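This is what each chain is made of:
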Amino acid sequence: MSIERLTAALCALAPDRLLENEPMARHTTFRVGGPAERMFFPSSEEELCAAVRLAREEDVPVQLVGNGSNLLVRDGGLKGLTIVLGESFSEIRIDGARLCAQAGALLSRVAAAAQAAGLAGLEFASGIPGTLGGGCAMNAGAYGGQLSDALVSARVLLDGEVRTLSLSEMEMGYRATRPLREGGVVLSACFALEAGDPAAILARMQDLNARRREKQPLNLPSAGSTFKRPEGHFAGALIEQCGLKGYAIGGAQVSAKHAGFIVNTGGATASELLALIEHVQRVVLEETGVQLEPEVRILGEG
């Protein structure tokens, strides 16, 4: 493995968009995480595919992240190459009732663009803090809606080849998709939306976001809902039932506002957040018999 040869190749490709030993705490909504050995910000599909190919040729591990809103990076950081799909890879295009966007576009911006064009169907996504790529890979959803409700197709880097997958080929379930299962990278996606009144669409978005602010601890760093919804239960209700609301380990706390969220109250380490996640899982399993599965992705060196 040669991280040095990969660095030289990426510098030749785009020297102004390559960072070394970049703290992941700057790139996750939890505000924790050790350094990424190398971090690259592609501005096109071609650059992204080239970076992945170069890393694989050098046998360097690759991780892709978006807004870091569903991610917990351990304190030892990320080895190899971390590719960030962000502002430089976030074009949104609208043609009639169809909206297409690159993976780095924030879901809030995608929803806002749809609303401005008088297109309904993505209002639920307006308060989700992630990017389109991560959202499609996880089939992100909220308030009864999910991206698979409107998705038509997605361009995906799968097994070294860029393919356009239909909705059925994406195999989208609850927080599960084919790209997520097979290690694919969502590059862009297209949605079929419905014409509507922009004012009514905006009102719907404002109502959903007001409900979020009322019920969720948006004032503290978190990764959103920490656990997947167990079949027949709600994770937050189970955690509260076990008396864990407000329970803390160091700067990591089960939110006193919504027990389904683990938050960073200030100065938390990834180790403290992980310890709290494991404690919650253990107590809930012992007291209710339900195994909670993290929704947040956990990556990096211990």
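Here is what the cut-offs are and how they apply
Residues numbered from 1 in each chain as written. Predicted model: local features only at pLDDT ≥ 70, side-chain atom pairs only at ≥ 80, totals over all residues. Heavy atoms only, no water. Helix = DSSP H or I, 4+ residues; strand = E, 2+ residues; numbered from the N terminus. Contact = heavy atoms within 4.5 Å. Areas by Shrake-Rupley, 256 points an atom, 1.4 Å probe, with all protein chains shown as cover. Lys, Arg positive; Asp, Glu negative; His and termini not counted. Charge placed at Lys NZ, Arg CZ, Asp CG, Glu CD. Pairing = 2+ DSSP bridges. Axes fitted to C-alpha atoms, helices over the stretch in contact; angles between N-to-C directions. Parallel < 35°, antiparallel > 145°, perpendicular 65-115°, else oblique. Left-handed = near helix turned anticlockwise from the far one by under 90°. Nonpolar A, V, L, I, M, F, W, Y, C, P; charged D, E, K, R; others polar. Buried < 20%, exposed > 50% of the residue type's maximum accessible area, 1.4 Å probe, protein only. Arc of directions from axis to C-beta. Salt bridge = Lys/Arg side-chain N within 4 Å of Asp/Glu carboxyl O.

Visitor: Teacher, can you tell me more about the overall build of the chain here?
Guide: Looking only at helices and strands, the chain has nine helices and 19 strands in total. Each of the three principal axes of the chain carries a C-alpha extent, and together these read 55 × 50 × 30 Å. Relative to all contacts within the chain whose residues are 6 or more apart in sequence, the contacts with residues 24 or more apart total 64%. Put simply, the chain shows about 13200 Å² of open surface, and 48% of that area lies on carbon and sulfur atoms. When the 28 basic and 35 acidic side-chain charges of the chain are each reduced to a single mean position, those positions are 3 Å apart.

Visitor: Quick question: what am I supposed to make of the sheet that holds strand β12 (residues 161-166) here?
Guide: Sheet strands associate in pairs through backbone hydrogen bonding, adopting either a parallel or an antiparallel arrangement. Taking strand neighbours across the sheet as the criterion, the five strands line up as β6-β7-β13-β11-β12 in an open arrangement whose pairing is antiparallel. Where the open sheet ends on each side, the last strands, each with one partner, are β6 (92-95) and β12. Adjacent strand axes in the sheet meet at a mean angle of 15° when their direction is disregarded. Both strand β11 (residues 151-158) and strand β13 (residues 185-192) contribute to a ladder of six bridges, which runs antiparallel.

Visitor: Is there a simple way to explain the packing of helix α1 (residues 3-13) against helix α2 (residues 45-57) in this structure?
Guide: In a pair of packed helices, the angle between the axes and the distance between the axes together describe the arrangement. Closest axis-to-axis distance for the α1/α2 pair is 10 Å, and the angle between their directions is 165°. One way to sum up the angle between α1 and α2 is to call them roughly antiparallel. Here the hand of the crossing between α1 and α2 comes out right-handed. When α1 is examined against α2, the residues L6, A9, L10 and L13 are found in contact with a partner set consisting of E47, A50, A51, L54 and A55. Taken together, the residues that form the contact of α1 with α2 break down as eight nonpolar, no polar and one charged.

Visitor: Please clarify how the packing of helix α3 (residues 107-116) against helix α7 (residues 198-215) should be interpreted in this entry.
Guide: Orientation of α3 relative to α7, taken along the N-to-C sense of each, is 150°, at an axis distance of 8 Å. Accordingly, the angle class assigned to the pair α3 and α7 is roughly antiparallel. Contacts from A111, A112 and Q115 in α3 reach P198, I201, L202 and M205 in α7. Looking at the contact of α3 with α7 residue by residue, the class counts come to six nonpolar, one polar and no charged.

Visitor: Looking at this structure, I do not really get α1. What am I missing?
Guide: Residues spaced three or four apart along an α-helix point in a common direction, a consequence of the helix completing one turn every 3.6 residues. Within the span of α1, buried status applies to I3, L6, T7 and L10. Seen along its axis, α1 keeps its buried residues to an arc of 100°; they face one direction. In α1, the exposed residues that point more than 90 degrees away from the buried face are E4, R5 and A12. If you follow the buried residues of α1, they end up packed against β1 (18-23), β2 (35-40), α2 and β5 (78-84).

Visitor: Please clarify how the pattern of salt bridges should be interpreted in this entry.
Guide: It is possible for side chains bearing opposite charge to pair when their charged atoms get close. Applying the stated rule across the entire model yields 13 salt bridges. Put simply, R5 and E58 hold a salt bridge, and the shortest N to O gap is 2.9 Å. Taken together, the residues R5 in helix α1 and E58 in the loop between α2 and β3 (62-65) connect sequence positions 53 residues apart. Note on R5: relative accessible area 51%, which makes it exposed. R181 is paired through a salt bridge with E182; the nearest N and O atoms lie 3.7 Å apart. The class of R181 is exposed, set by a relative accessible area of 53%.

On their own, these measurements won't tell you what the molecule is for.
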